[in-house]
Amino acid sequence: QDGHDLWLYRYNPNPVKILSSHHSVILATAKQELTQGWKGNPNATVKFVLKKDKSLAADGFTINSNVITANTDKGILYGVFDLLRRQNTGETISDIKENPSYQVRILNHWDNPDGSVERGYAGNSIFWRNNDVNVTENDLKLWKEYARANASIGINAAVLNNVNASPLILTPEYLQRVKAIAAQLRPYGIKTYLSVKFSSPALLGKLKTSDPLNPEVIRWWNEKVKKIYTVIPDFGGFLVKASSEGQPGPQDFGRTHADGANMLADAVKPYGGIIMWRAFVYSPHDMDRAKQAYNEFMPLDGKFRSNVIVQVKNGPIDFQPREPFSPLFGAMKKNAVMPEFQITQEYLGHSVYLVYLSTMWEECLKADTYQAGKGSTVAKVTDGSVFKQALTAIAGVSNIGLDTNWTGHQFGQANWYAFGRLAWNNNLSSEQIADEWLKLTFYNSLSIAGKEKKQEWESKFLAPVKQMMMDSREAAVNYMTPLGLHHIMAANEHYGPGPWWGPKGVRADWTPLYYHKAGEDGVGFDRTHKGSDAVSQYHEPLAGQYNDPKTCPEELLLWFHHIPWNYQMKSGKTLWNELCLHYDKGVSQVRNFQKVWDEVEPYVDQTRFTEVQRKLRKQATNAILWKDACLLYFQKFSHMPIPYDLERPVNNLDEIIANDKYSK
Ligand code: BDP
């Protein structure tokens, strides 16, 4: 077992008969999957029924005594995968009805034409290689495996290239490769999308401008879109990062985000395409980066076309181990908004840390925005239940690369899996998802002898490993950025600690100093009414709760407040002592993960066991570095001792800083 089979390993299927009065490419896929995965009674008959059922969404289905019913062939395919999953996890199957939470459940690949992957830690791109557009047999095989894995968890869309988009992607040569990829994804019900560079008309078309209101520019995009649809008739649309981090955009021409998005929306509209327009923007002039996306987008609410959806990162800053939810959720009421989660672990230890991200996404989805009264959770204000938005979607920035196990870390697969499951059902619990994933990934690959000991496996492997997953995100928060600290990672790579970093000449809101604001008087970013007033972007009662350090959840305290070192926390301890305790706890949690994993060795194949064991060792070493670096650095301001009953630092701050290549 090298992990390449993901959660899809199937053991010796039983024979099954399939009845279906319809035919389509997708139904053929559904039949094939059922045939190679059936675990129910041998020679049972399964029926596919396509009929109009108003209570079912386009991708929804019911399963009832071996009859799978849906409105569309895609619905049948999802029904088949659902049935197989339940068989493989040992669930009882009766009277099942499933409708997806979001219409578009999409992976964003930050992959570049040269094969590199921005923030990718699992090898090079599966889609692009050295700017070479030739398609090999191996490519086709891999793309098909990719499509199958996605379909099995309900993902139905993929953006094939980086949001920092190369204009090359729209050239005829690249579009041919996109066509080849789309052909592998289509039988699994997956639509293809591309990221585009806003200045493509000037860069590729040699126009004098890329101004979205210029008639030549409009014509250029219309022509380009027409060509794309000739090559890929079911093309999904564009994802756009514009006027952000140096990317060109409508603001270069004095236009708004809505002007830019609507021009593209009009171009794809005749073909049923959509535009996902990212709200990840921040101008260097505003005083608090956490407020900027809201400030730019709120005035545009209602100004976007109906086939535009605004794509918002879960937190207001940038995929930190913990952030409050972005105040744009729920705030925009007239235009559709979609969440963007980051599956790749840019700020959470790359492919070294074992961090199960589902609990973080669940925290965001279940957070109450109060925008339309109590219960207006992020899930509900984005899936169409609170605001009747016609278009609903959710995106995950992929962690996939050419590594044999796809995700670099064997447990990174759980995050890909969890994203798909939550996109399908934003009400699922992370615990259930972990349970499914572990059974599918580790139990089903055991030998028969292993399987006879199912109960033993459940108590000795499933229970402790699931608990480790459930605790893993909080552990990372503890040893990296506890109590609301954020963005104190080392520059550029965002892996190790770097709270000291903030050289002159670098824009302030890219540096840790800007975010933690540690000084003799305390630590944390004052976002209260007296500070940047970011709290006012939240609806009451949240704004009031966040504004007062006594009612602000302690896990977000230093996000919203600048707090004196000797401030008394709910525990009665000082802020400084609590900070020390959190860092220390994070380290012991990871050490405990090592023990948990070492003990489950008899239940895991050697390859996967050793891989995870080695990564946990690295994670533990790095956790200690984080703890030592942050505590020794903050101690220069607090002048307080690390509580003597805690483990002492084993690294020296001056040496850590000397080893930080960005601080030279
Ligand atoms: C940041 C990443 C950067 C991305 C950017 C984005 O550091 O590589 O391009 O987000 O989402 O987190 O556009």
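Residues numbered from 1 in each chain as written. Predicted model: local features only at pLDDT ≥ 70, side-chain atom pairs only at ≥ 80, totals over all residues. Heavy atoms only, no water.

On to the nonpolar core. Core analysis: the biggest nonpolar cluster contains 220 residues, and Phe238, Phe411, Trp416, Trp597 and Phe634 have the highest contact counts within it. Ranked by residues supplied to this core, first place goes to helix α19 (residues 606–638) with 14 residues. (Core = buried A, V, L, I, M, F, W, Y, C linked by side-chain atoms within 4.5 Å. Buried < 20%, exposed > 50% of the residue type's maximum accessible area, 1.4 Å probe, protein only. Helix = DSSP H or I, 4+ residues; strand = E, 2+ residues; numbered from the N terminus.)

Taken as a whole and judged by the stated rule, the model has 41 aromatic pairs. Aromatic side chains Phe280 and Tyr282 sit 5.5 Å apart centroid to centroid with 65° between the ring planes, which places their arrangement in the edge-to-face category. Accessibility classification places Phe280 together with Tyr282 in one group, the buried group. Ring centres of Phe297 and Phe304 lie 6.3 Å apart, and the angle between their planes is 10°; on these two criteria the pair is classed as stacked. Taking the relative accessible area as the measure of exposure, Phe304 reaches 7% and is therefore buried. Grouped by ring-pair contacts, the aromatic residues Phe411, Trp437, Phe442, Tyr443, Trp457, Phe461, Trp597 and Phe609 constitute a single cluster. Positioned over the ring face of Phe280 is Lys313, at 3.2 Å from the centre of the ring. Above the ring of Tyr514, the side-chain terminus of Lys517 is found at 4.5 Å from the ring centroid. (Phe/Tyr/Trp six-rings, centres within 6.5 Å; stacked < 30°, edge-to-face > 60°. Lys NZ or Arg CZ within 6 Å of the ring centre and 35° of its normal.)

Okay, the pairing of strand β11 (residues 308–313) next. Most of β11 is tucked away: six of the six residues are buried. Summarising the sheet, strand β10 (residues 274–278) and β11 pair through four bridges and their orientation is parallel. Its bridge partner lying in β11, Met276 is registered against Ile309. Strand direction decides the pairing type here: β11 and strand β12 (residues 336–342), joined by five bridges, are parallel. Looking at the pairing, Val310 lines up with Val337 of β12. (Pairing = 2+ DSSP bridges.)

Right, let's talk about the domain arrangement of the protein chain for a bit. For the protein chain, the assigned domains read domain 1 (16–97), domain 2 (104–429) and domain 3 (482–525 + 562–663). Inter-centroid distance (C-alpha atoms) of domain 1 to domain 3 is 48 Å. (Domains from an automatic or database assignment.)

A complete count under the given rule lists 34 salt bridges for this structure. Taking the shortest distance from any N to any O, the salt bridge between Glu145 and Lys141 comes out at 3.7 Å. Pair noted here: Glu145 and Lys141 are both in helix α3 (residues 137–152), with a separation of four residues, about one helical turn. Linking Lys366 and Glu362 is a salt bridge whose minimum nitrogen-to-oxygen distance equals 2.9 Å. Here the residue Lys366 and the residue Glu362 both occupy positions in helix α9 (residues 358–366), the gap between them amounting to four residues, near one helical turn. (Salt bridge = Lys/Arg side-chain N within 4 Å of Asp/Glu carboxyl O.)

Look at helix α4 (residues 172–185): 20 Å from first C-alpha to last across 14 residues, which is about the 20 Å you get at 1.5 Å a residue. Taken together, the buried positions of α4 are occupied by Tyr174, Leu175, Arg177, Val178, Ala180, Ile181, Ala182, Gln184 and Leu185. For α4, the elements touching its buried residues are α3, β7 (157–159), β8 (191–195) and α6 (215–231). (Expected span 1.5 Å × (residues − 1). Contact = heavy atoms within 4.5 Å.)

A word on the sheet that holds β7. Taken in spatial order, the eight strands of this closed barrel run β6-β7-β8-β9-β10-β11-β12-β13, and their pairing is parallel. Within the sheet, the average angular offset between the axes of one strand and its neighbour, ignoring direction, is 25°. Relative to the sheet, helix α11 (residues 412–424) contacts β6 (104–108), β12 and β13 (393–397), its axis offset from that of β6 by approximately 155°. (Axes fitted to C-alpha atoms, helices over the stretch in contact; angles between N-to-C directions.)

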